[in-house]
Amino acid sequence: MRQKILVTGGAGYIGSHTCVELLAADYDIVVVDNFSNSKPAVLDRVAQIAGRAIVWHEGDLRNRSLLRQLFDRHHFAGVLHCAGVKAIAEAQRLPLKYYQHNLEASLTLLDVMAERGVQRLVFSSSATVYGEAARVPYREEAPLAPNTVYGRSKMMVEDVLHDLVQADPAWHIAILRYFNPVGAHPSGLIGEDPSGPINNLMPHICQVAIGKQAELSIFGHDYPTPDGTGVRDYLHVMDMAAGHVKALQYLSGESGLLTLNLGMGRGHSVLEVLRAFEQVCGIRIPSRYVPRRAGDLACYYADACRAADVLGWRAKRSLFEMCADAWRWQVQNPNGYE
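What counts and what doesn't
Residues numbered from 1 in each chain as written. Predicted model: local features only at pLDDT ≥ 70, side-chain atom pairs only at ≥ 80, totals over all residues. Heavy atoms only, no water. Helix = DSSP H or I, 4+ residues; strand = E, 2+ residues; numbered from the N terminus. Rg over C-alpha atoms; globule rule 2.2 N^0.38 Å. Buried < 20%, exposed > 50% of the residue type's maximum accessible area, 1.4 Å probe, protein only. Areas by Shrake-Rupley, 256 points an atom, 1.4 Å probe, with all protein chains shown as cover. Lys, Arg positive; Asp, Glu negative; His and termini not counted. Charge placed at Lys NZ, Arg CZ, Asp CG, Glu CD. Core = buried A, V, L, I, M, F, W, Y, C linked by side-chain atoms within 4.5 Å. Contact = heavy atoms within 4.5 Å. Disulfide = S-S within 2.5 Å. Salt bridge = Lys/Arg side-chain N within 4 Å of Asp/Glu carboxyl O. Pairing = 2+ DSSP bridges. Phe/Tyr/Trp six-rings, centres within 6.5 Å; stacked < 30°, edge-to-face > 60°. Lys NZ or Arg CZ within 6 Å of the ring centre and 35° of its normal.

What to know about the overall build of the chain
Here comes step 1: A tally of helices and strands in the chain yields eleven helices and 13 strands.
Here comes step 2: Computed over C-alpha atoms, the radius of gyration of the chain comes to 19 Å, within 12% of the 20 Å expected from 2.2 N^0.38 for 338 residues, which places it in the range of a compact globule.
Here comes step 3: Referenced to the eigenvectors of the C-alpha coordinate spread, the extents of the chain come out at roughly 55 × 45 × 40 Å.
Here comes step 4: Counting all 338 residues of the chain, 54% fall into the buried class.
Here comes step 5: Approximately 14400 Å² of the chain is accessible, and the part contributed by carbon and sulfur atoms is 49%.
Here comes step 6: Computing the positive centroid from 33 side-chain charges and the negative centroid from 35, the chain places the two 2 Å apart.

Digging into the nonpolar core
Here comes step 1: By size, the foremost hydrophobic cluster in this structure holds 42 residues, and its most contacted members are Val7, Leu22, Ile29, Val46 and Val122.
Here comes step 2: Broken down by element, this core gets its largest block of residues, seven residues, from helix α8 (residues 237–251).
Here comes step 3: Not counting residues within four places of it along the chain, the set of residues in contact with Val7 comprises Cys19, Leu22, Ile29, Val30, Val31, Val32 and Leu80.
Here comes step 4: Of all hydrophobic cores here, the second largest spans 26 residues; its members include Leu67, Ala105, Phe123 and Ile175.

Details of the state of the cysteines
Here comes step 1: Across all of its chains, the model carries zero disulfides by this definition.
Here comes step 2: Among the cysteines around Cys299, which has no disulfide bond, Cys305 carries the closest sulfur, lying 16 Å off.
Here comes step 3: Note on Cys299: relative accessible area 26%, which makes it partly exposed.

So, the environment of Arg284
Here comes step 1: Locating Arg284 in the fold gives a position in the loop between α9 (270–281) and β13 (287–290).
Here comes step 2: Expressed as a C-alpha distance, the spacing of Arg284 and Leu274, which sit ten residues apart in the sequence, is 9.2 Å.

Some thoughts on the pattern of salt bridges
Here comes step 1: If you walk through the whole model with that rule in mind, you get 23 salt bridges.
Here comes step 2: Two residues, Arg2 and Asp26, come together in a salt bridge whose shortest N-O distance is 2.8 Å. Taken together, the residues span a long stretch of sequence, with Arg2 in the segment before β1 (4–8) and Asp26 in the loop between α1 (13–24) and β2 (28–33) at a distance of 24 residues.
Here comes step 3: Owing to a relative accessible area of 40%, Arg2 belongs among the partly exposed residues under this scheme.
Here comes step 4: With a relative accessible area of 42%, Asp26 lands in the partly exposed category.
Here comes step 5: The partner of Glu278 in a salt bridge is Arg275, and the shortest N-O contact between them spans 3.1 Å. Of the two residues, Glu278 and Arg275 both sit in helix α9, three residues apart, roughly one turn of that helix.

Remarks on the pairing of strand β4 (residues 78–81)
A regular strand places its side chains so that they alternate between the two faces of the sheet.
Here comes step 1: What you see with β4 is no split at all: Gly78 and Leu80 on one side and Val79 and His81 on the other are buried throughout.
Here comes step 2: In terms of strand pairing, β1 meets β4 through four bridges, oriented parallel. In the strand pairing of β4, Leu6 is matched with Val79.
Here comes step 3: With three bridges connecting them, β4 and strand β5 (residues 120–126) associate as parallel partners. Within β5, the residue paired with Leu80 across the bridge is Val122.

Things to note about unusual backbone geometry
Here comes step 1: Of note, the amide linkage connecting Val136 to Pro137 takes the cis form, showing an omega dihedral of -10 degrees.
Here comes step 2: As for its placement among the helices and strands, Pro137 is situated in the loop between β5 and α6 (149–167).
Here comes step 3: Within the chain, Asp26 stands out as a residue other than glycine whose phi angle is a positive 75 degrees.
Here comes step 4: Its identity as a non-glycine residue notwithstanding, His75 has a phi of 55 degrees, on the positive side.
Here comes step 5: Residue position: His75 is located in the loop between α3 (64–74) and β4.

Things to note about the packing of aromatic side chains
Here comes step 1: Taken as a whole, this structure holds nine aromatic pairs when the rule is applied.
Here comes step 2: Their ring planes at 80 degrees and their centres at 5.1 Å tell us that Phe71 and Phe76 sit as a pair that is edge-to-face. Just as Phe71 is buried, Phe76 falls in that class too.
Here comes step 3: Ring centres of Phe179 and Tyr300 lie 6.2 Å apart, and the angle between their planes is 50 degrees; on these two criteria the pair is classed as tilted. Of the two residues, Phe179 is situated in the loop between β6 (172–178) and β7 (180–182) and Tyr300 in the loop between β13 and α10 (305–311); the sequence distance between them amounts to 121 residues.
Here comes step 4: Residue Phe179 is classed as buried on the basis of its relative accessible area of 7%.
Here comes step 5: By the ring-pair criterion, three or more aromatic residues cluster together here, those being Tyr130, Tyr138, Phe179 and Tyr300.
Here comes step 6: Above the face of the Tyr223 ring, Arg292 is positioned so that its terminal group lies 4.0 Å from the ring centre.
Here comes step 7: Positioned over the ring face of Phe219 is Arg293, at 4.3 Å from the centre of the ring.

Put into structure tokens, the structure is as follows:
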């Protein structure tokens, strides 16, 4: 009998690709999403890729009554918690929104899980929890001192999970700290469809390549890096999705708390990504240097050894594959899911 997994935020960028991997691994899934930054059409595309129907419910995780109904109806074996809001600049302006949607929603979810005796959880955290004192490559035991509201909201949930396991070691919890997911499913059916201002590099490059924006702004070119531009750990979203499935499988036999980085374990500069994308699409991408953004670091990337040792998981797809899949998604869906 297939295990049934609740996927919160399953219509989002990370959640939708993870749903594909869960279905391929022969899990049944139920998605709950408030569609504040996603669309129900995403789940139709996931079902098309998987060749299986998806059960989904529209709703907010702060709705305790809704969660109780879902847990009573479906008898979940575990929860993959991908829901949340994540725009760093917006979080600085609207901190209460971020603490409500990231912290309060997680507390309500955990409370209902405890009520219903479901103690297996994979939590989507972020590399933004690391402090500026952390040295590259970032190891899981590096000091945490996030300098953004978004990062603090993720760290607060991590703190709750630590306390929960301390109080009751029967919980099975994995915290996955994401670095920079990019790319799309190779079918081109699902991918990154940001709403509002575009803050991430790959969708910005895609928008310029397809003619929706005039040029790429490169924030800073005088960093202490090989080419002067910022270096980040870019990871194919399908590799990240596979890491979630590996973590869920691991938790079926292990209790306690596991914290892991999900990253390539090496960095690529903005110019490296730009040149790789130009090679893939055969288009020159106009760009210009603009001043650094406040709070941006010169370089960060993961030490991903623990995920390899514990889960047997490694990022497999190259930067060129990330660019090719992102470009395929953009060409096939010039207006996203509209």
